[in-house]
Amino acid sequence: MLLLLLSAGTVARGESGGVGAPPLKAEAAASPAAARSRADDPLPGDGLQRVVWEGEEMAAPLRIVCYHASAEHATAACRQAASRIRELNAVFSDYQEDSEVRRLCETAGRRLAVPVSPDLWELLSLSLEISRQSGGAFDVTLGPLIRLWRRARTLRELPPAWRFEEARRAVGFDKLRLDADGRTVELTAPGMRLDFGAIAKGYAVDAALQVLRENGVPRALVDLGGDIGLGDPPPGREGWIVAVAPPEPDRPPSLFTCLRNCGTATSGDRYRFVIIEGVRYSHILDPKTGLGITTPREVMVIAPTGAAADAWATAISVLGPEAGLPLIDALADTAALILQSEDGKTAVYRSRRWPALAGESRVPAAEATP
Ligand code: AMP
Ligand code: MG
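We now turn to the structure provided with this report. (Residues numbered from 1 in each chain as written. Chains lettered and ligands numbered in written order. Predicted model: local features only at pLDDT ≥ 70, side-chain atom pairs only at ≥ 80, totals over all residues. Heavy atoms only, no water.)

Running from N to C, helix 8 (residues 200–214) and helix 9 (residues 306–329) point in directions that differ by 165 degrees, and their axes come no closer than 7 Å. By the angle between their axes, helix 8 is roughly antiparallel relative to helix 9. Where helix 8 crosses over helix 9, the handedness of that crossing is right-handed. Of the residues in helix 9, those in contact with A200, K201, G202, Y203, V205 and D206 of helix 8 are G306, A307 and D310. (Axes fitted to C-alpha atoms, helices over the stretch in contact; angles between N-to-C directions. Helix = DSSP H or I, 4+ residues; strand = E, 2+ residues; numbered from the N terminus. Parallel < 35°, antiparallel > 145°, perpendicular 65-115°, else oblique. Left-handed = near helix turned anticlockwise from the far one by under 90°. Contact = heavy atoms within 4.5 Å.)

Our next topic: the packing of helix 5 (residues 118–133) against helix 9. The geometry of a pair of packed helices is captured by two quantities: the angle between their axes and the separation between those axes. For the pair helix 5 and helix 9, interaxial distance at closest approach is 11 Å and the crossing angle is 5 degrees. Relative to helix 9, the element helix 5 is oriented roughly parallel. Residues L123, L126, I130 and Q133 of helix 5 lie in contact with helix 9, whose contacting residues are A307, A308, A311, W312 and L327. Class assignment for the residues of the contact of helix 5 with helix 9 results in 8 nonpolar, 1 polar and no charged. (Nonpolar A, V, L, I, M, F, W, Y, C, P; charged D, E, K, R; others polar.)

Ranked by size, the top nonpolar core spans 74 residues in total, and within it F92, L187, L194, F196, L212 and W312 carry the most contacts. Per element, the largest residue contribution to this core is 11 residues, and it comes from helix 9. In this structure, F196 is in contact with F92, V101, L120, L123, L124, S127 and V140, ignoring residues within four places of it in sequence. Counting residues in each nonpolar core, the second largest holds 20 residues, with Y67, I228, W240 and I302 among its members. (Core = buried A, V, L, I, M, F, W, Y, C linked by side-chain atoms within 4.5 Å. Buried < 20%, exposed > 50% of the residue type's maximum accessible area, 1.4 Å probe, protein only.)

With that settled, consider helix 3 (residues 71–92). Here helix 3 is 22 residues long and its end C-alpha atoms lie 31 Å apart, about the 32 Å a rise of 1.5 Å per residue gives. Those residues of helix 3 that sit buried are A71, A74, T75, A77, C78, A81, A82, R84, I85, L88, V91 and F92. (Expected span 1.5 Å × (residues − 1).)

Attention now goes to the site of ligand 1. Surveying the vicinity of ligand 1 reveals 19 residues, the closest of which are A137, S267, L285, D310 and T314. Contact distances for ligand 1 include 3.5 Å between an oxygen atom and a backbone N or O atom of G197. Residue T314 places a side-chain N or O atom 2.7 Å away from an oxygen atom belonging to ligand 1. For ligand 1, the accessible surface in isolation is 500 Å², of which the surrounding protein chains cover 97%. It is helix 9 that contributes the most residues to the shell around ligand 1, 3 residues altogether. (Near = heavy atom within 4 Å. Polar contact = N/O pair within 3.5 Å; in protein donor to acceptor, adjacent residues only side chain to side chain. Areas by Shrake-Rupley, 256 points an atom, 1.4 Å probe, with all protein chains shown as cover.)

Around the magnesium ion (ligand 2), the protein supplies A198 (O), D310 (O), D310 (OD) and T314 (OG1) as donor atoms, at distances of 2.0 to 2.5 Å. Donor residues for the magnesium ion (ligand 2) sit on one chain with the sequence pattern A-x111-D-x3-T. With A198 in the loop between strand 7 (184–187) and helix 8 and T314 in helix 9, this residue pair connects regions lying 116 residues apart in the sequence. Across the pair, T314 and A198 agree in class, each one buried. (Donors = N, O, S within 2.8 Å, 3.2 Å for Na, K, Ca; no water.)

Let us now look at the pattern of salt bridges. This model, assessed by the stated rule, comprises 10 salt bridges. Here R150 ties to D195 by a salt bridge, and the two come within 3.4 Å at their closest N and O atoms. Linking R150 in helix 6 (residues 143–155) with D195 in the loop between strand 7 and helix 8, this pair joins segments that are 45 residues apart in sequence. A salt bridge links R177 to E186; its shortest N-O distance comes to 3.4 Å. For R177, a relative accessible area of 51% translates into the label exposed. A relative accessible area of 12% means that E186 is categorised as buried. Here the salt bridges do not stand alone but share partners, grouping D94, R150, R193 and D195 into one network. (Salt bridge = Lys/Arg side-chain N within 4 Å of Asp/Glu carboxyl O.)

Pairing is antiparallel in the open sheet, where 3 strands are placed in the order 5-7-6. Because the sheet does not close on itself, it has two edges, and the strands there are strand 5 (114–115) and strand 6 (176–179). For strand 5 and strand 7, the ladder comprises 2 bridges, and the chain directions are antiparallel. The residue bridging P115 from the neighbouring strand is T184, located in strand 7. (Pairing = 2+ DSSP bridges.)

Okay, structure coming up:
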């Protein structure tokens, strides 16, 4: 849902007073596949040029905004960052038949400990840690159930009970066996499938930011379909201004955060849901029931990395404010905002560190309109 959510709501703006990024959907439509970049006018006095790179990676709109003395150098760095994301897609994609993850899943239930790449090892280890911390609300082994739900969304009917039970037998992060010495992974139950849809884009924006930094472009923002990584701020600014998507898709954002050197992500069911027999099910599943969650809510998380923000935004979508916010409060430098429909109104919940980390501000509607 992040791809569509950002298209409609979350907006990254490079500098205050400047025009917000137009909705990414429109940008992506203008340049669906080929990436393009442009150098804006240099900012007065600092000699840095603002470079915007737009493209599409991991089936999501990619937008990089960065500042550097040489627009040419920054553009080359953006190109490298985009190709790093493409490389990660070849590891984590569930849609690409020959991705490393798909190949690993073919070994499920065969008692094979498979050596994996450093990226897969790192993200799988982090995923397991967040599964444990979230009490299983976030779980990359949900693949078999997610596949059933994708079908259910297309057919608009619940999966038959026997298929559901079969899928559930192949789900559970306790069925993963990681060996740190050999960096091998074993999927112990037949039919297991890993789905990194709730964390890979966040990991990818972290990796892209790292490429930019290594190339001497630390003042950068990487936005991949609503998973946003923020490096050093634009020249002369405290941070990057990132809008909170309003719950109503047609309304412009009115709440803004000011962020630097962190990651942020939004999860929710605004676009990706299915209504079956009058019940609205999200594309985000509650691992406890195996069903799509039915309470409409939007969650924005700020965390030290994009990967953590991405995973926790999904986990908190499952857990809701009461169970979720205490977990967020227990994590260093992490905060969450939840917008939830209650009796026809939008209730807002903020974690303890939200005010300090978000640098939240309200901007007059005219200025806020992208
Ligand atoms: P996000 O948009 O980051 O919240 O990720 C949603 C995607 O993650 C879904 O489309 C599924 O592919 C996958 N997913 C759904 N529910 C979960 C969950 N509870 N834990 C981990 N991944 C999930
Ligand atoms: Mg996520």
